[in-house]
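# Working through the structure, step by step
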Amino acid sequence: MHISEEAAMFLTTAAAMSCLPVGGIALLSIPHQIRDRKLRRRGVTAEAVCEERLYRGGLTVVNVSCVFSPRPGVHVRATVTSPRPAPRVGEPLTVVYDPENPEVVQSTHYLRSSARLGRVSQPLFAVLLLATVIGAVISTA
């Protein structure tokens, strides 16, 4: 298969221009991935109570403000990703927290889900970067 020099230059430019935003998203997702990995590895499960439902666009519940007790007499308030279906105010939900730092908490629903932006953006960034490098090498040859 042969493509014209103009088409190759256009594709290289498009890949290079896409690298910056996709790379930014990929980098910004790294701290969340590290936190999630820690919670999956050494997190402790606790029952929390929904205090407030936080909406996006007034229709969809995306986060839940909740309170839980990592130890007797200690109450921690946190905002976590809402499970599906979203709990009503006063209803329980299961969260996972870091025993060393109970403020690091997330819903078990979120930790089990696989639809995260980092899982898509990081491989996409690698492909775009590779396409840019290959296109640049071909166009200078």
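Everything here concerns the structure above.
Computed from a predicted model, the values in this text were never measured in an experiment. (Residues numbered from 1 in each chain as written. Predicted model: local features only at pLDDT ≥ 70, side-chain atom pairs only at ≥ 80, totals over all residues. Heavy atoms only, no water.)

The next subject is the nonpolar core. By size, the foremost hydrophobic cluster in this structure holds 14 residues, and its most contacted members are Val64, Cys66, Phe68, Val80, Leu93, Val95 and Val105. At four residues, the largest contribution of residues to this core is made by strand S2 (residues 60–71). (Core = buried A, V, L, I, M, F, W, Y, C linked by side-chain atoms within 4.5 Å. Buried < 20%, exposed > 50% of the residue type's maximum accessible area, 1.4 Å probe, protein only. Helix = DSSP H or I, 4+ residues; strand = E, 2+ residues; numbered from the N terminus.)

The five strands are arranged S3-S2-S1-S4-S5 in an open sheet whose pairing can be described as antiparallel. This sheet does not close on itself; its edge strands, each paired only once, are strand S3 (74–81) and strand S5 (101–107). Direction aside, neighbouring strands of the sheet carry axes that sit 40° apart on average. Contacts from helix H1 (residues 5–42) reach strand S1 (44–56), strand S4 (92–98) and S5, with the element oriented near 95° to S5. (Pairing = 2+ DSSP bridges. Axes fitted to C-alpha atoms, helices over the stretch in contact; angles between N-to-C directions. Contact = heavy atoms within 4.5 Å.)

Time to look at the layout of surface pockets. Reported here for the second largest pocket is a volume of approximately 270 Å³. As for the second largest pocket, its lining consists of 14 residues, and the residues nearest its centre are Ile3, Ala8, Thr12, Gly135 and Ile138. Contributions of two or more residues to the lining of the second largest pocket are made by H1 and helix H3 (117–140). The element best represented in the lining of the second largest pocket is H1, accounting for six residues. (1 Å grid on protein atoms, 1.4 Å probe; cavity = no way out; pocket = protein on both sides within 12 Å on 5 of 7 lines; lining within 4 Å. Points joined across faces, edges and corners; volume = space filled by probe spheres on them.)

Attention now goes to the pattern of salt bridges. What the rule picks out here adds up to four salt bridges. Two residues, Asp98 and Arg42, come together in a salt bridge whose shortest N-O distance is 3.1 Å. Residue Asp98 is found in strand S4, and its partner Arg42 is found in helix H1; the two are separated by 56 residues along the sequence. In this structure Asp98 comes out as buried when scored by relative accessible area, which is 7%. For Arg77, the salt bridge is made with Glu51, and the minimal N-O distance between the two is 3.3 Å. (Salt bridge = Lys/Arg side-chain N within 4 Å of Asp/Glu carboxyl O.)

A few words now on the environment of Ile134. In this fold, Ile134 is placed in helix H3. Relative accessible area serves as the criterion here: at 44%, Ile134 is assigned to the partly exposed category.

Turning our attention to the state of the cysteines. Between two cysteines, a covalent bond joining their sulfur atoms is known as a disulfide. One pass over the structure, following the stated rule, counts zero disulfides. With no disulfide of its own, Cys66 lies closest to Cys50 among cysteine sulfurs, the gap being 7.6 Å. Residue Cys66 is classed as buried on the basis of its relative accessible area, which comes to 0%. (Disulfide = S-S within 2.5 Å.)

With respect to the secondary-structure elements, His109 resides in helix H2 (residues 108–112). On the basis of relative accessibility, which here comes to 29%, the residue His109 falls in the partly exposed class. Along the primary structure His109 and Val80 are separated by 29 residues, whereas in three dimensions their C-alpha atoms are 9.8 Å apart. Ignoring anything within four residues of it in the chain, the contact list for His109 reads Ser82, Pro83 and Arg84.

Here we come to the side chain of Ser107. Its location among the elements puts Ser107 in strand S5. Side-chain polar atoms of Ser107 contact the backbone oxygen of Thr81, separated by 2.8 Å. (Polar contact = N/O pair within 3.5 Å; in protein donor to acceptor, adjacent residues only side chain to side chain.)

Next up on the list: the pairing of S5. With four bridges joining them, S4 and S5 adopt antiparallel strand pairing. Looking at the pairing, Asp98 lines up with Asn101 of S5. Counting the residues that bridge the hairpin from S4 to S5 gives two residues.

Geometric descriptors of this kind do not, in isolation, establish any biological role.
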